[in-house]
Amino acid sequence: MTAITRNPLSKALSIMRWLLACDRESFGVREVAAALDMTPSAAHRAITALVEEGFLRRMPEDSRYGLGLELFRLVQQAKDRFPLRRIAMPAMERLRDTCGEAVFLNLYDSVRHEIIGVAAAESTQPLRYVVVLQEWKSLHVGASGLAILAHLPEAERREIYAHTGLEAATEASIADAEQMEAELARIRARGYALTKGQRIVGAVGMAAPIRGPGSALIGSLGISVPEARFDDDFAEKHSLTLMATAREISEMAGSPST
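Definitions and limits used
Residues numbered from 1 in each chain as written. Predicted model: local features only at pLDDT ≥ 70, side-chain atom pairs only at ≥ 80, totals over all residues. Heavy atoms only, no water. Helix = DSSP H or I, 4+ residues; strand = E, 2+ residues; numbered from the N terminus. Contact = heavy atoms within 4.5 Å. Areas by Shrake-Rupley, 256 points an atom, 1.4 Å probe, with all protein chains shown as cover. Lys, Arg positive; Asp, Glu negative; His and termini not counted. Charge placed at Lys NZ, Arg CZ, Asp CG, Glu CD. Phe/Tyr/Trp six-rings, centres within 6.5 Å; stacked < 30°, edge-to-face > 60°. Buried < 20%, exposed > 50% of the residue type's maximum accessible area, 1.4 Å probe, protein only. Lys NZ or Arg CZ within 6 Å of the ring centre and 35° of its normal. pLDDT = per-residue confidence, 0-100. Salt bridge = Lys/Arg side-chain N within 4 Å of Asp/Glu carboxyl O. Pairing = 2+ DSSP bridges. Axes fitted to C-alpha atoms, helices over the stretch in contact; angles between N-to-C directions. Core = buried A, V, L, I, M, F, W, Y, C linked by side-chain atoms within 4.5 Å.

Trainee: Which residues make up the overall build of the chain, and what are the values?
Mentor: Helices and strands together make up the secondary structure of the chain, namely 9 helices and 8 strands. Taken over the C-alpha atoms alone, the chain extends approximately 60 × 40 × 40 Å along its principal axes. Partitioning the contacts of the chain with sequence separation of at least 6, the portion at a separation of at least 24 is 55%. Total accessible area on the chain stands at roughly 13,600 Å², and carbon and sulfur atoms take up 53% of it. Taking the average place of the 30 positive charges on the side chains of the chain and the average place of its 33 negative ones, the gap between the two points comes to 5 Å.

Trainee: Outline the packing of aromatic side chains, supporting the account with residue identities and numerical values.
Mentor: Throughout the structure, instances matching the rule amount to 3 aromatic pairs. Aromatic pair Trp18 and Phe27: ring centres 5.9 Å apart, planes at 90°, arrangement edge-to-face. Taken individually, Trp18 and Phe27 each receive the classification buried, so the pair is uniform in this respect. Arranged with centres 5.8 Å apart and planes meeting at 55°, the rings of Phe230 and Phe234 form a pair that is tilted. The two residues Phe230 and Phe234 agree in class, both being buried. Its end group placed over the ring of Trp136, Arg112 keeps NZ or CZ at 4.2 Å from the ring centre. The residue whose ring lies beneath Arg190 is Tyr192, and the NZ or CZ to ring-centre distance is 5.0 Å.

Trainee: Explain the confidence of the model for the chain to me, using residue names and the numbers behind them.
Mentor: Here the chain averages 88 in pLDDT, and 93% of its residues register 70 or above. The least confident element of the chain is helix α4 (residues 69-81), whose mean pLDDT is 73; the most confident is helix α6 (residues 143-149), at 97.

Trainee: Residue-level account of the pattern of salt bridges, with values.
Mentor: Under the defined criterion, the tally for this structure stands at 10 salt bridges. Asp97 is the salt-bridge partner of Arg96, the closest N and O atoms lying 2.7 Å from each other. A cluster of three or more residues bridged by salt bridges with shared partners is formed by Glu154, Arg158 and Glu178.

Trainee: Can you break down the sheet that holds strand β7 (residues 203-211) residue by residue, with the values?
Mentor: Remark on secondary structure: sheet strands pair via backbone hydrogen bonds, oriented parallel or antiparallel. Read from one edge to the other, the open sheet built from 6 strands follows the order β5-β4-β3-β8-β7-β6, with strand pairing classed as antiparallel. Of all strands in the sheet, those with a lone pairing partner are β5 (136-138) and β6 (193-196), marking the two edges. Across this sheet, the average inter-strand angle for adjacent strands is 35°, counted without regard to direction. Sheet analysis places β6 next to β7, joined by 4 bridges and oriented antiparallel. Looking at β7, one finds that Lys196 is bridged to Val204.

Trainee: Now, about the pairing of β7: what can you tell me, with residues and values included?
Mentor: Here β7 lies mainly inside the structure; 8 of its 9 residues are buried. Between β6 and β7, which follow one another and run antiparallel, lie 6 residues, and Gly197 among them has a positive phi close to 65°. Looking at chain direction, β7 and strand β8 (residues 217-226) are connected through 9 bridges and run antiparallel. Bridged to Ala208 within β8 is Leu221.

Trainee: Can you break down the nonpolar core residue by residue, with the values?
Mentor: Core analysis: the biggest nonpolar cluster contains 29 residues, and Met92, Leu221 and Ile223 have the highest contact counts within it. Where this core is concerned, the elements lending two or more residues are α5 (83-99), β3 (102-109), β4 (114-121), β7, β8 and α9 (232-252). Considering every element that reaches this core, the biggest residue donor is α5, with 7 residues. For Met92, the contacting residues outside a window of four places in its chain are Val103, Phe104, Leu105, Ala119, Ala120, Ala121, Leu221 and Ile249. With 20 residues, the next largest nonpolar core counts Ile115, Leu149, Leu184 and Ala207 among its residues.

Trainee: Go over unusual backbone geometry with me, naming the residues and quoting the values.
Mentor: Although it is not a glycine, Leu166 sits at a positive phi angle of roughly 50°. Leu166 sits in the buried class, given a relative accessible area of 4%.

Trainee: Pulling in residues and values, what's your account of the pairing of β4?
Mentor: Counting buried residues in β4 gives 7 out of 8 residues, a clear majority hidden from the surface. Where β3 and β4 come together, 7 bridges link them in antiparallel fashion. Bridge pairing in β4 links Phe104 to Ala120. Count of turn residues in the β3/β4 antiparallel hairpin: 4 residues, of which His113 carries a positive phi of about 55°. With 3 bridges connecting them, β4 and β5 associate as antiparallel partners. Each residue of the ladder has a partner; that of Glu114, found in β5, is Ser138.

Right under this line is the structure:
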């Protein structure tokens, strides 16, 4: 990640993103400058501003820095106030209890053309797929992204293909644009996406789109199943409930009833 900008706010946010992404307990000014292609003086100014606002703190034992309590406070406030996550959870838990597998909610960013997991109803099975939240993921790999990609305008899909190069995550990923178009047509006809090992080897995903006001695509609702526990009966048995739950959440999010 690089921070080629004169905007002080952009530099500060780049530092926060880098620190959270690399999962470091602490860091020094020169580490930040090297990682983000900043001058040490620019990195120091941005870090100082973040310390003054409480988002970072100076470590007492040395000249390194770590996360500040103000960041944790705001994260908790945002988590508690995010309405879709809160209102969707009861429906997600009902679906989890019905199918016995992990259920998760993703939101779609139409600028980044990526999705991010924001909530999960975890499976209680001894062998289960743990859903990773708060990580950006591409649309072209895995059921959660394909459920959205299938319903975007063709011109927008083609732009995404060109931008991502349809880079494969596993051998099961679709890396050809025409094959992708054929698969997306099947998803539209079926009403949900189904993938096996596209993002993670050994994981099966099922997902249906979630819409908001004006029927705009805002995310997807997914089920993740270890491949050893999945068969065609599972998809047949739970696909209708998955789609019905996605419609329920869509209506709660403001989508017109269908």
